[in-house]
Amino acid sequence: MSNFKEEKLQILKMIEEGKITHEEGLELLNAIEEKDKEFNTSNAKWIKIRVYDPDDKTKVNVNIPIALVDVGLKFATKFSPELKNSDLENINLEEIIQIIKSGAQGKIVDVTNESNGEKVEIYVE
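Caption draft 1: Geometry of the environment of Y123. Tracing the sequence through the fold places Y123 in strand β4 (residues 119-124). Distance from Y123 to Q105, taken between C-alpha atoms, is 7.0 Å for residues 18 residues apart in sequence. Ignoring sequence-local partners within four residues, the contact set of Y123 consists of W46, I47, K48, G106 and K107. Among the polar contacts made by the side chain of Y123, one reaches the side chain of E121 at a distance of 2.9 Å.

Caption draft 2: Summary view of the pairing of strand β1 (residues 46-52). Within β1, five of the seven residues are buried, leaving the element largely enclosed by the surrounding structure. The sheet contact formed by β1 and strand β2 (residues 58-65) spans seven bridges and is antiparallel. If you follow K48 over to β2, its bridge partner there is N63. Linking β1 back to β2 in an antiparallel pair, the connection comprises five residues, with D56 at a positive phi of about 65°. Relative to β4, β1 runs antiparallel, the two being bridged by six bridges. By the bridge assignment, I47 is partnered in β4 with V124.

Caption draft 3: Looking closely at the pattern of salt bridges. Scanning the model with the defined rule gives seven salt bridges in all. Residue E125 is joined to K48 by a salt bridge in which the shortest nitrogen-to-oxygen separation is 3.0 Å. Of this pair, E125 sits in the segment after β4 while K48 sits in strand β1, placing them 77 residues apart in sequence. Overlapping salt bridges, with partners in common, bring together D56, K107, D110, K119 and E121 in one network.

About the criteria used
Residues numbered from 1 in each chain as written. Predicted model: local features only at pLDDT ≥ 70, side-chain atom pairs only at ≥ 80, totals over all residues. Heavy atoms only, no water. Helix = DSSP H or I, 4+ residues; strand = E, 2+ residues; numbered from the N terminus. Contact = heavy atoms within 4.5 Å. Polar contact = N/O pair within 3.5 Å; in protein donor to acceptor, adjacent residues only side chain to side chain. Buried < 20%, exposed > 50% of the residue type's maximum accessible area, 1.4 Å probe, protein only. Pairing = 2+ DSSP bridges. Salt bridge = Lys/Arg side-chain N within 4 Å of Asp/Glu carboxyl O.

Structure below.
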C-alpha cells in the first residue's frame, strides 16, 4: 500500500515547482483522497468463510484478503466443491460485498441448512 501523505506532499511540491497546474494538483489530490477513503472504510483485513458439517467439524476454511472481496467470494464459490454444494450459493454475494465494503466487521453471515445440518459462516476480521 502506498503512503498517501508522501503522495500528497509530492503533488504539492510539483505545484510549487510549476511542474503541474493548481487545477491538475487539485485533481490528483482528490483522486488520492478517494483512494485513501477506499482503504480506510474499515479496519478489516480478511474475509473468513467457514463451512461446518452437522457435527460442527470444519469442512471448508477459506480466508480471502479484503482487497479481493469482489472476486474472492465469487471465485471461492465457483471452484471449491464444498462451497459450491453448501448454502452459500443461495446467499446474495453482491449484498455481502456491499456490506463488507461499507465497513462491517464480525460475523455477517450465519446460515444452517435444515435438511443436512451444514452451517456456513462468514466473518470479517
